[in-house]
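# Structural overview
As a plain string of letters, each chain reads:
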Amino acid sequence: MQASPARDHRLADGSSLIDQVLSLHPVIASIKDEDGLRSVLRAPCPVVFVLFGSVMTIHSIVASLKSAGKMVFVDVDLLDGFSSKPVTIDFLKAHTQADGVLSSKSIMVKAAKTAGLLAIHRLFLVDSFSYNNVAKQVKISEPDAIMILPGCMPRVISWVRDETELPLIAGGLVCDKDDVMGALGAGATAIASSNRGVWLM
């Protein structure tokens, strides 16, 4: 299958599509199973990160979310039955209505951009080496947004915010209102959480 031409996903005023959506509701719902899928269909979050699924189920998972009016991003690193190769992106583009993908791998983020999907680069900041590698990774992948994990570190969020103008999502271990406010106050554009109480904030 030949990939579609890359798209910039910028609006007439120069802002990015994902930035505009997140400015309306800065809480992203992350779902890890079918129970989470059923719950998020009734939640106010317009953006959903799908962190589960397989080659057999991802089409129906995405279809359910799209029918509820959600913007859907699939974490391609967590899909069963797929490889960490760009062909996975081609499959999602051809067989689902996904708006975009999440991945910690630069090659997958780059492939999503080439396919015309929105792409979020997940970055695990576990030490100074991984923090100092952020700029290099982002330069390679050229994502629409970046997501840093864990998302409960306001000081680190502020450091990354100073280094990039890309939409910045904080995810992982965002458990309550204090975590949400701390991340947003440090410069995060949005937070992503699987905690259903956070979805309602």
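Notes on the structure in this doc start here. Treat the numbers as computed from the prediction; the structure is a model and nothing was measured.

### Some points on the overall build of the protein
Helix and strand counts for the protein come out as 10 helices and eight strands. For 201 residues, the compact-globule formula gives about 17 Å, and the C-alpha radius of gyration of the protein, at 16 Å, lands near that figure. Over its C-alpha atoms, taken along the principal directions, the protein stretches across nearly 45 × 35 × 35 Å. Within the protein, buried positions represent 48% of all 201 residues. In the protein, the proportion of contacts linking residues at least 24 apart, taken out of those at least 6 apart, comes to 55%. Total accessible area computed for the protein in this model is approximately 9500 Å², and 56% of it derives from carbon and sulfur atoms.

### Quick word on the nonpolar core
Ile 31, Val 50, Ile 58, Leu 65, Val 74 and Ile 89 are the most contacted members of the largest nonpolar core, which totals 50 residues. Here Val 50 is in contact with Ile 31, Ile 58, Ile 61, Leu 65, Val 72, Phe 73, Val 74 and Asp 75, once residues within four sequence places are set aside. In terms of nonpolar packing, the next biggest core, distinct from the first, is built from 18 residues, Leu 22, Ile 28, Ile 169 and Ala 192 among them.

### Considering the sheet that holds strand S5 (residues 118–124)
Taken in spatial order, the eight strands line up as S1-S2-S3-S4-S5-S6-S7-S8 and close into a barrel, and their pairing is parallel. Pairwise comparison of adjacent strand axes, ignoring direction, gives a mean angle of 25° for this sheet. By the bridge criterion, three bridges tie strand S6 (residues 145–149) to strand S7 (residues 168–171) in an arrangement that is parallel. Within S7, the residue paired with Ile 146 across the bridge is Leu 168. Across the sheet, helix H3 (residues 58–67) touches strand S1 (27–31), strand S2 (47–50) and strand S3 (71–75), and the angle it forms with S3 is around 155°.

### Some remarks on the side chain of His 121
Looking at where His 121 falls in the secondary structure, it is placed in strand S5. Note on His 121: relative accessible area 0%, which makes it buried. A distance of 3.4 Å separates a polar atom in the side chain of His 121 from the backbone oxygen of Ser 104. For His 121, the contacting residues outside a window of four places in its chain are Ser 103, Ser 104, Lys 105, Ser 106, Val 109, Gln 137, Ser 141, Pro 143, Ala 145, Ile 146 and Met 147.

### Considering the environment of Ala 111
Within the secondary structure, Ala 111 is located in helix H5 (residues 106–114). For Ala 111, a relative accessible area of 14% translates into the label buried. Considered as a pair, Ala 111 and Ser 16 are 95 residues apart in the sequence and their alpha carbons are 19 Å apart. When residues no more than four places from it in sequence are discounted, the contact partners of Ala 111 are Pro 86 and Ile 89.

### Overview of the side chain of Ser 30
The topology assignment puts Ser 30 in strand S1. Apart from the residues within four sequence positions on either side, Ser 30 is in contact with Phe 49, Leu 51, Ala 192, Ser 193, Ser 194 and Trp 199.

### Thoughts on unusual backbone geometry
Put simply, Leu 149 and Pro 150 share a cis peptide bond, and its omega is -5°. Structurally, the position occupied by Pro 150 is in the loop between S6 and helix H8 (154–163). One non-glycine residue, Glu 142, lies in positive phi territory at about 50°. Within the secondary structure, Glu 142 is located in the loop between helix H7 (134–141) and S6. By relative accessible area, Glu 142 is classed as partly exposed at 46%. One non-glycine residue with positive phi stands out, namely Leu 173, at about 65°. The residue Leu 173 is located in the loop between S7 and helix H9 (177–185) in this model.

### A look at the pattern of salt bridges
Under the counting rule described, the total for this entry stands at seven salt bridges. A salt bridge links Arg 196 to Asp 35; the shortest N-O distance between them is 3.0 Å. In this pair, Arg 196 sits in helix H10 (residues 196–199) while Asp 35 sits in helix H2 (residues 34–40), placing the two residues 161 residues apart along the sequence. Taking relative accessible area as the criterion, Arg 196 reaches 35% and is therefore assigned partly exposed. Lys 113 is the salt-bridge partner of Asp 144, the closest N and O atoms lying 3.2 Å from each other. Taken together, the residues span a long stretch of sequence, with Asp 144 in the loop between H7 and S6 and Lys 113 in helix H5 at a distance of 31 residues. The exposure class assigned to Lys 113 is buried, which follows from its relative accessible area of 16%. A cluster of three or more residues bridged by salt bridges with shared partners is formed by Asp 35, Arg 38 and Arg 196.

Criteria and thresholds
Residues numbered from 1 in each chain as written. Predicted model: local features only at pLDDT ≥ 70, side-chain atom pairs only at ≥ 80, totals over all residues. Heavy atoms only, no water. Helix = DSSP H or I, 4+ residues; strand = E, 2+ residues; numbered from the N terminus. Rg over C-alpha atoms; globule rule 2.2 N^0.38 Å. Buried < 20%, exposed > 50% of the residue type's maximum accessible area, 1.4 Å probe, protein only. Contact = heavy atoms within 4.5 Å. Areas by Shrake-Rupley, 256 points an atom, 1.4 Å probe, with all protein chains shown as cover. Core = buried A, V, L, I, M, F, W, Y, C linked by side-chain atoms within 4.5 Å. Pairing = 2+ DSSP bridges. Axes fitted to C-alpha atoms, helices over the stretch in contact; angles between N-to-C directions. Polar contact = N/O pair within 3.5 Å; in protein donor to acceptor, adjacent residues only side chain to side chain. Salt bridge = Lys/Arg side-chain N within 4 Å of Asp/Glu carboxyl O.

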